[in-house]
There are 2 protein chains.
Amino acid sequence: MAHQQRHPGTARSVEDHAADVSDLLGSLLTRPSETIRLDDALGRVLSDDISSPIDLPLFRNSQMDGFAVDSASIATVPATLPIVATVPAGPAEPAAHLAATAVRIMTGAVMPSGADAVVPVEDTEVSDDKVTVYRSRSAGEFVRERGSDVRTGALLLTSGTLLAPRHISVLAAVGLPSVAVRTRPKVAIITTGAELVDAGTTPGPGQIFDSNGAALAASARANGAEVAIVDRSGDEPDAFRSVLRRAVAHAELVITSGGVSMGDYEVVKDVLTELGARFGRIAMQPGGPQGLAVVDGVPVLTFPGNPVSTLVSFEVFVRPLLRRAAGLPPISPAEATLDHDVTSVPGKRQFLRGRRTASGVEVVSGPGSHLVAALAWADVLLDIPADATSLAAGDRVKVWPL
Amino acid sequence: MAHQQRHPGTARSVEDHAADVSDLLGSLLTRPSETIRLDDALGRVLSDDISSPIDLPLFRNSQMDGFAVDSASIATVPATLPIVATVPAGPAEPAAHLAATAVRIMTGAVMPSGADAVVPVEDTEVSDDKVTVYRSRSAGEFVRERGSDVRTGALLLTSGTLLAPRHISVLAAVGLPSVAVRTRPKVAIITTGAELVDAGTTPGPGQIFDSNGAALAASARANGAEVAIVDRSGDEPDAFRSVLRRAVAHAELVITSGGVSMGDYEVVKDVLTELGARFGRIAMQPGGPQGLAVVDGVPVLTFPGNPVSTLVSFEVFVRPLLRRAAGLPPISPAEATLDHDVTSVPGKRQFLRGRRTASGVEVVSGPGSHLVAALAWADVLLDIPADATSLAAGDRVKVWPL
């Protein structure tokens, strides 16, 4: 045991562990759908293609305020026609239209059945019950034919569309009161540690505020998940087992923080090892100690308890899969120029907290995994390859937006 | 009247109208703050700078699982020391530490008062109640001093920060259960028109589904507003007055759609003109007819009723101010290369619906303001200057992300 601690097995690579996590979370990618009110659909993701149930426009109507006419009767202008009717927008059967007359019509109003063009009001002059038209229009001008925007059955939106206001607009325009969207992945968060206390209390000696619960819940929500449970356990195995049981009953993914390093009171490691979990060191910093398990068919990922390690673990291993499951666009890495030299631990892929500057990117903290204040100031993670030991100012580096 | 219709006054420019809207909505920019639970704070905007109420770490603790020692006692290695105590993470006063002994300690646990370094467990071998240390460590190594991350009173986050998970993390870490954020601007939406019916019903002749209510509500929410009311009125002035009265009583900004063009049944124009509104044509397409008013001290913007005109009006005139009021980052225009020739109406700034392609950008619809299906397919608005009449494939054009 002591010997094993002095010479732990080779750490696995980030890529290998990410592949394991990806296998484990594969079941999350096939999302059942749920039908929700269109009013609640902003930011949700369509689970099916949507075809139009109606023609749009639904009836032949005027594109302008003006006069519906037979285009032949205004072939020569000026032409003066009697105004025989007025059609506002609103519920109405098409008015009858006689040749050589004009029907006063409003934008969106039903076109009279015999008319084939609309003369905008700007091109007319009205005197008593007559209108003089000053500009000819050909058949079809300023007339919106039924179905000219969308035909019944036409594909409006495709499965996987992340619903923005313009999509809500078209779905409302074709009269859909509800829409089928992908369910959000349900995530449970468990923080562990006898030292954790609630915000708003006064910590005694050796106690700290539990920040990972709030941080992981926010991270999950920000990436399209629904947070089913945020819970906490001390270091007693029975307490953790009880919290874990509730979590797997209500979530599709459980994330724990703490209790997985090399100490003697590692409740997550102890309990989950009994349940067949795999734990190991990943060649990364921060976030080295990682584990994964399946409990009652539900994937469980175990993150180290340091707040920065926890958030980096989420960004590296969970965010890509959660966004894919939720149907959100992937976060792509960018390249940036280092403002200064950086040294790195050999053999470990480092994720340094960085901040974009006018000229490139700078590191905002040392590698210490407790530097949560610096993480808050960061806006990117610098991704330093495992084989790099030093990078110079001016070198290009991969950065992940936070 | 007829004469005036034939020769309407010169249309105002988009820039001039945008400046008027900006003046009108100036009051929205000074936001009162509200205190909310940290759990609800994701995506909200800090209304004040936040300084730390505590030191972080709050007590001197170990950065590793290992053995707390006096560094002098391991100056020569291997060094074998008696293990005199064990300190897990958790509530505890600092243990006493005697020279030339070791205290087994876990990550995050309180450092014994006399110890000045931690030897990671990997560099040790335990036998019974003794530990042999194989690598020297100097004073301070793997010890997190109180306040080394954050000092009490240090600035953590600045006013205006859009709260992301990493900010939630630091606020939770310093024990704040709640946080003061800017209130969201309260917006009311009123759609008008006797022709409008609810989704889920069957429209009769001359009736259409009301899509602007859902679309404007989604647009407001997507840009940081709270939607206080979505209401509708027919074309009777009393009905509109009643809906308007309720809207101004509950919102800081009212947006109407419909009832503002040159027809004879323009309820919004008729009622608001009595109340001192200004209406006019803006040299833009779509979205030409625009009006603004102040009713009971509340700004009212009136958009034309065509769904595309409505959404373009929102994007051009409201989105920038709403985002500023809400504390969200501005949407910046980009430049893209036209995939094909484009013709434009002289004297009007055109906002064409476009879609990014591998090579640049293409127009996805004609200028018709009823083409809501094409708007749904678009992902940018092409901003064609008022003085342009034609642009050629390969020309650069300004695009606004939707």
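Owing to the predicted nature of the structure, the values given are computational and were not obtained by experimental measurement.

So, how was this worked out
Residues numbered from 1 in each chain as written. Chains lettered and ligands numbered in written order. Predicted model: local features only at pLDDT ≥ 70, side-chain atom pairs only at ≥ 80, totals over all residues. Heavy atoms only, no water. Helix = DSSP H or I, 4+ residues; strand = E, 2+ residues; numbered from the N terminus. Rg over C-alpha atoms; globule rule 2.2 N^0.38 Å. Buried < 20%, exposed > 50% of the residue type's maximum accessible area, 1.4 Å probe, protein only. Contact = heavy atoms within 4.5 Å. Lys, Arg positive; Asp, Glu negative; His and termini not counted. Charge placed at Lys NZ, Arg CZ, Asp CG, Glu CD. Least-squares fit on C-alpha atoms with pLDDT ≥ 70 in both. Buried area = accessible area lost by both parts, 1.4 Å probe. Salt bridge = Lys/Arg side-chain N within 4 Å of Asp/Glu carboxyl O. Polar contact = N/O pair within 3.5 Å; in protein donor to acceptor, adjacent residues only side chain to side chain. Axes fitted to C-alpha atoms, helices over the stretch in contact; angles between N-to-C directions. Parallel < 35°, antiparallel > 145°, perpendicular 65-115°, else oblique. Left-handed = near helix turned anticlockwise from the far one by under 90°. Nonpolar A, V, L, I, M, F, W, Y, C, P; charged D, E, K, R; others polar. Pairing = 2+ DSSP bridges. pLDDT = per-residue confidence, 0-100. Arc of directions from axis to C-beta. Domains from an automatic or database assignment. Core = buried A, V, L, I, M, F, W, Y, C linked by side-chain atoms within 4.5 Å.

Novice: Help me understand the overall build of chain A in this model?
Specialist: When its secondary structure is counted, chain A shows nine helices and 28 strands. Taken against the 2.2 N^0.38 rule, which gives 21 Å for 402 residues, the C-alpha radius of gyration of chain A at 32 Å runs more than 25% over that of a compact globule. The burial tally for chain A puts 54% of its 402 residues in the buried class. Contacts spanning at least 24 positions in sequence make up 69% of the contacts within chain A whose residues lie at least 6 apart. Where the 35 positive side-chain charges of chain A centre and where its 45 negative ones centre are 2 Å apart.

Novice: Would you explain the relation of the copies chain A and chain B in this entry?
Specialist: Between the two chain copies there is a screw-like relation: a rotation about an axis and a shift along it. Between chain A and chain B, which share one sequence, the superposing operator has a rotation angle of 180° and an axial displacement of 0.0 Å; the RMSD is 0.1 Å. Each copy turns onto its partner about a two-fold axis. Within chain A, A:Gly43 has its C-alpha nearest the rotation axis, a separation of 6.8 Å. Looking at chain A, 100% of its interface residues are interface residues in chain B too, so the copies touch through the same face.

Novice: For this particular structure, what's the right way to read helix α5 (residues 212-222) of chain A?
Specialist: Think of an α-helix as turning once every 3.6 residues; residues three or four places apart then point the same way. With nine of eleven residues buried, α5(A) is to be regarded as a mostly interior element. For α5(A), the complete set of buried residues consists of A:Asn212, A:Gly213, A:Ala214, A:Ala215, A:Leu216, A:Ala217, A:Ala218, A:Ser219 and A:Ala220. Buried residues along α5(A) sit against β13 (186-192), β16 (226-233), β17 (253-257), β21 (298-303) and α8 (307-326) of chain A together with α4 (165-173) of chain B. At the exit of α5(A) stands A:Gly224, carrying a positive phi of roughly 90°.

Novice: Any chance you could explain the interface of chain A and chain B here in plain terms?
Specialist: It is common to give the size of an interface as the accessible area that goes away when the parts come together. The interface of chain A with chain B comprises 90 residues on the first partner and 90 residues on the second. Summed over both sides, the interface of chain A with chain B buries roughly 7000 Å², with 63% coming from carbon and sulfur. Inspection of the chain A/chain B interface yields zero salt bridges. Where chain A meets chain B, there are 14 residue pairs in polar contact (both at pLDDT 80 or more). Among the secondary structure elements, those contributing two or more residues to the side of chain A that touches chain B are α1 (2-6), β8 (124-127), β11 (155-157), α4 (165-173), β15 (208-209), α5, α8 and α9 (372-377) of chain A.

Novice: For this particular structure, what's the right way to read the pattern of salt bridges?
Specialist: Where charged atoms of side chains with opposite charge meet at close range, the side chains can pair. Taken as a whole and judged by the stated rule, the model has 38 salt bridges over all chains. Salt-bridge contacts for A:Arg37 lead to A:Asp39; the nearest nitrogen and oxygen are separated by 2.8 Å. Residue B:Glu15 is joined to B:Arg349 by a salt bridge in which the shortest nitrogen-to-oxygen separation is 2.4 Å. Residue B:Glu15 is found in helix α2 (residues 14-24), and its partner B:Arg349 is found in strand β24 (residues 349-356); the two are separated by 334 residues along the sequence. The exposure class assigned to B:Glu15 is partly exposed, which follows from its relative accessible area of 46%. Beyond isolated ion pairs, a larger network of salt bridges with shared partners links A:Arg12, A:Asp20 and A:Arg278.

Novice: Which parts of the structure should I look at to understand the side chain of B:Asp383?
Specialist: All names here are of chain B. Its location among the elements puts Asp383 in strand β26 (residues 380-384). Residue class for Asp383 comes out buried when judged on its relative accessible area of 6%. Polar side-chain contacts of Asp383 include one of 2.8 Å to the side chain of Arg349.

Novice: Explain the packing of α5(A) against α8(A) here, please?
Specialist: In a pair of packed helices, the angle between the axes and the distance between the axes together describe the arrangement. Residues and elements named next belong to chain A. Relative to each other, α5 and α8 sit at 20°, their axes nearing to 10 Å. Comparing their axes, α8 and α5 come out roughly parallel. Relative to α8, the crossing made by α5 is right-handed. Contact with α5, carried on its side by Asn212, Ala215, Leu216, Ser219, Ala220 and Ala222, involves Pro307, Thr310, Leu311, Phe314, Leu322 and Arg323 of α8 and no other residues of that element. Taken together, the residues of the contact of α5 with α8 sort by class into eight nonpolar, three polar and one charged.

Novice: What is the right way to look at the sheet that holds strand β4 (residues 66-69) of chain B in this model?
Specialist: Sheet strands pair via backbone hydrogen bonds, and the direction of the pair is either parallel or antiparallel. All names here are of chain B. If you walk across this open sheet you meet the six strands as β7-β4-β6-β5-β9-β8, and the pairing is mixed. Sheet topology places β7 (117-120) and β8 (124-127) at the edges, where each strand pairs with a single neighbour. Neighbour to neighbour, the strand axes of the sheet diverge by 40° on average, direction disregarded. Relative to β7, β4 runs antiparallel, the two being bridged by four bridges. The residue of β7 that forms the bridge with Phe67 is Val119.

Novice: Mind showing me how you'd approach the pairing of β8(A) here?
Specialist: The two faces of the sheet receive side chains in turn, since in a regular strand these alternate between them. Residue and element names in this part refer to chain A. The sheet contact formed by β8 and strand β9 (residues 130-133) spans four bridges and is antiparallel. Residue pairing in the sheet places Glu125 in a bridge with Thr132 of β9. Where β8 folds back on β9, the antiparallel hairpin that results is connected by two residues, among which Asp128 adopts a positive phi of roughly 55°.

Novice: Explain the sheet that holds strand β17 (residues 253-257) of chain B here, please?
Specialist: Residues and elements named next belong to chain B. Ordered by their spatial adjacency, six strands build an open sheet running β16-β13-β17-β21-β20-β18, and the pairing between neighbours is mixed. Looking at which strands have only one partner, the edges of the open sheet turn out to be β16 (226-233) and β18 (278-281). The average undirected angle you get between the axes of adjacent strands in this sheet is 15°. As defined by bridge partners, strand β20 (residues 289-295) adjoins strand β21 (residues 298-303) across five bridges and the pair is classed as antiparallel. Bridge assignment links Gly291 to a residue of β21, and that residue is Thr302. The strands touched by helix α6 (residues 237-250) within the sheet are β13 (186-192), β16, β17, β20 and β21, with β16 carrying the most contacts at an inclination of about 175°. Packed onto the sheet, helix α8 (residues 307-326) meets β13, β17, β20 and β21 and runs at close to 150° relative to β21.

Novice: Just to check I follow, could you spell out unusual backbone geometry for this structure?
Specialist: Glycine aside, a negative phi is what most residues show, and trans is what most peptide bonds show. Residues and elements named next belong to chain A. Note the cis peptide between Leu56 and Pro57, where omega equals -5°. A positive phi angle, close to 60°, is found at Phe142, a residue other than glycine. Structurally, Phe142 can be placed in the loop between β9 and β10 (143-144).

Novice: I would appreciate a short explanation of the confidence of the model for chain A in the present structure.
Specialist: Across chain A, pLDDT averages 93, with 96% of residues at or above 70. This stretch, residues 1-7 of chain A, has a pLDDT under 50; its non-local contacts, to residues over four places away or in other chains, come to eleven contacts.

Novice: I tried to follow α2(B) on my own but got confused; where do I start?
Specialist: Within α2(B), burial applies to B:Val14, B:His17, B:Asp20, B:Val21 and B:Leu24. Viewed along the axis of α2(B), the buried residues span an arc of 125°, placing them on a single side of the element.

Novice: Even after reading the chapter, I still don't get the domain arrangement of chain A, so can you show me in this structure?
Specialist: Domain boundaries in chain A define domain 1 (10-32 + 184-326), domain 2 (35-49 + 154-182), domain 3 (61-144) and domain 4 (334-401). The gap between the C-alpha centroids of domain 1 of chain A and domain 3 of chain A is 69 Å.

Novice: In this structure, what is going on with the nonpolar core? I would like to understand it.
Specialist: Looking at soluble globular proteins, one finds that nonpolar side chains tend to be buried together. A:Leu163, A:Leu171, A:Val179, B:Ile255 and B:Leu301 are the most contacted members of the largest nonpolar core, which has 63 residues in total. With ten residues, α8(B) is the single largest residue contributor to this core. In this structure, B:Ile255 is in contact with B:Val187, B:Ala188, B:Ile189, B:Ile190, B:Leu216, B:Leu301, B:Phe303, B:Phe314 and B:Val318, ignoring residues within four places of it in sequence. Core analysis: the second largest hydrophobic core is formed by 62 residues, A:Leu253, A:Leu292, B:Leu56 and B:Leu58 among them.

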